[in-house]
Amino acid sequence: MSLPDGLRLRRAHPQDLDDVMWLEHASFPTDAWSASQMSGELYSPHGYYIVVETTEGGAPTIVGYAGLSSLAGNPVADVQTIAVAADRRGTGIGRVLFTELLDEARRRGVREVFLEVRADNPVAQAMYTGFGFERIAVRPRYYQPDGVDAWVMRAELSPAAPTPGVGPIGQETLDERD
Ligand SMILES: CC(C)(COP(=O)(O)OP(=O)(O)OC[C@H]1O[C@@H](n2cnc3c(N)ncnc32)[C@H](O)[C@@H]1OP(=O)(O)O)[C@@H](O)C(=O)NCCC(=O)NCCS
């Protein structure tokens, strides 16, 4: 699995908030998180947020982000969010982000991962299904103001050989996956 040339994966920093929020609003026009919600996520000790950014020319630009949450020692984790810039979708960035979230879950000893996805989002559903997630419940009209159902999806994780993470917040440990 690899990122397209000119992109790299790294741990998110709280300073990424503005870029992430821009992408959040573009990706979830009717039910975006607020900046304070997102800020809480980026600072949370239970979270693991990562971004993909461009490395070519000018200032780096974030083109994708994703987040996982799990309490220390808890064998259960939640995928909180994932989004890729519209003009970069379908090029493998989502797959790289999602793979890294599941790798982090395994590093934390997680055995069960849950997520919610809109019932009208077949692209995300296809990605999750491809990673072994199954729909286990439906939450009627969960997404407001649209009144769209949520699918609750779940996957069991098998323990795997540990892989290195992409570095703690604030540390410039960058990881180009290839
Ligand atoms: C869902 C999302 C993150 C996927 O990111 P992406 O970078 O486009 O995905 P990738 O190119 O890595 O493809 C990963 C998988 O997604 C699915 N997928 C991607 N594009 C697809 C399309 N046009 N049609 C159907 N499935 C598609 C496939 O299962 C694909 O796996 P495959 O390549 O083995 O077939 C992206 O579409 C997105 O940001 N959507 C808007 C935000 C969103 O809906 N987030 C999910 C909230 S629950």
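Above this text sits the structure in question.
Since the model is a prediction, treat every value here as computed from it, not as a measurement. (Residues numbered from 1 in each chain as written. Predicted model: local features only at pLDDT ≥ 70, side-chain atom pairs only at ≥ 80, totals over all residues. Heavy atoms only, no water.)

Participant: For this particular structure, what's the right way to read the overall build of the protein?
Facilitator: Helix and strand content of the protein: four helices and eight strands. Going from N to C terminus, the protein has its helices and strands arranged as β-α-α-β-β-β-α-β-α-β-β-β. The C-alpha radius of gyration of the protein comes to 16 Å, within 12% of the 16 Å expected for a compact globule of 178 residues. Burial statistics for the protein: of 178 residues in total, 43% are counted as buried. Pairs at least 24 residues apart make up 62% of the contacts formed inside the protein by residues separated by at least 6 positions. Of the charged side chains in the protein, 16 are positive and 25 negative, and the gap between their average positions amounts to 5 Å. (Helix = DSSP H or I, 4+ residues; strand = E, 2+ residues; numbered from the N terminus. Rg over C-alpha atoms; globule rule 2.2 N^0.38 Å. Buried < 20%, exposed > 50% of the residue type's maximum accessible area, 1.4 Å probe, protein only. Contact = heavy atoms within 4.5 Å. Lys, Arg positive; Asp, Glu negative; His and termini not counted. Charge placed at Lys NZ, Arg CZ, Asp CG, Glu CD.)

Participant: Looking at this structure, I do not really get the pattern of salt bridges. What am I missing?
Facilitator: Between side chains of opposite charge, a pair can form when the charged atoms approach closely. Throughout the structure, instances matching the rule amount to 13 salt bridges. Close ionic contact of Glu104 with Arg108 constitutes a salt bridge, the shortest N to O distance being 2.8 Å. Ionic pairing is found between Arg118 and Asp120, a salt bridge with its closest N-O pair at 2.9 Å. Relative accessible area serves as the criterion here: at 45%, Asp120 is assigned to the partly exposed category. Beyond isolated ion pairs, a larger network of salt bridges with shared partners links Arg8, Arg10, Asp16 and Glu53. (Salt bridge = Lys/Arg side-chain N within 4 Å of Asp/Glu carboxyl O.)

Participant: I keep staring at the pairing of strand β7 (residues 148–156) and nothing clicks. Help me out?
Facilitator: On a regular strand, one side chain projects to one face of the sheet and the next to the other, so that they alternate. In the sheet, strand β5 (residues 112–118) pairs with β7 via seven bridges, with the strands oriented antiparallel. Bridge pairing links Val113 to Ala155 in β7. The sheet contact formed by strand β6 (residues 134–143) and β7 spans six bridges and is antiparallel. Counted as the bridge partner of Ala137 is Val152 from β7. Connecting the antiparallel pair β6 and β7 is a turn made up of four residues, with Gly147 showing a positive phi of about 70°. (Pairing = 2+ DSSP bridges.)

Participant: Could you clarify how one ought to interpret the nonpolar core in this entry?
Facilitator: Counting 45 residues, the largest nonpolar core has Leu97, Phe98, Tyr128 and Phe133 as its most contacted members. With seven residues, the top contributor of residues to this core is helix α3 (residues 93–107). (Core = buried A, V, L, I, M, F, W, Y, C linked by side-chain atoms within 4.5 Å.)

Participant: I'm lost on the packing of helix α1 (residues 17–27) against helix α2 (residues 35–43) in this one. Help?
Facilitator: Between two packed helices, both the angle of their axes relative to each other and the distance between the axes serve to describe the pair. The interhelical angle for the contact between α1 and α2, taken along N-to-C directions, is 125°, at an axis separation of 10 Å. Considering the angle they form, α1 stands oblique to α2. Between α1 and α2 lies a crossing whose hand is right-handed. In this structure, α1 uses Leu17, Val20, Met21 and Glu24 to contact α2, whose residues at the interface are Ala35, Met38, Ser39 and Leu42. Among the residues forming the contact of α1 with α2, the class breakdown is six nonpolar, one polar and one charged. (Axes fitted to C-alpha atoms, helices over the stretch in contact; angles between N-to-C directions. Parallel < 35°, antiparallel > 145°, perpendicular 65-115°, else oblique. Left-handed = near helix turned anticlockwise from the far one by under 90°. Nonpolar A, V, L, I, M, F, W, Y, C, P; charged D, E, K, R; others polar.)

Participant: Just to check I follow, could you spell out the environment of Arg135 for this structure?
Facilitator: Inspection of the secondary structure puts Arg135 in strand β6. Note on Arg135: relative accessible area 49%, which makes it partly exposed. Arg135 sits 29 residues away from Arg106 along the chain, and the two C-alpha atoms are 21 Å apart. Ignoring sequence-local partners within four residues, the contact set of Arg135 consists of Trp151, Val152 and Met153.

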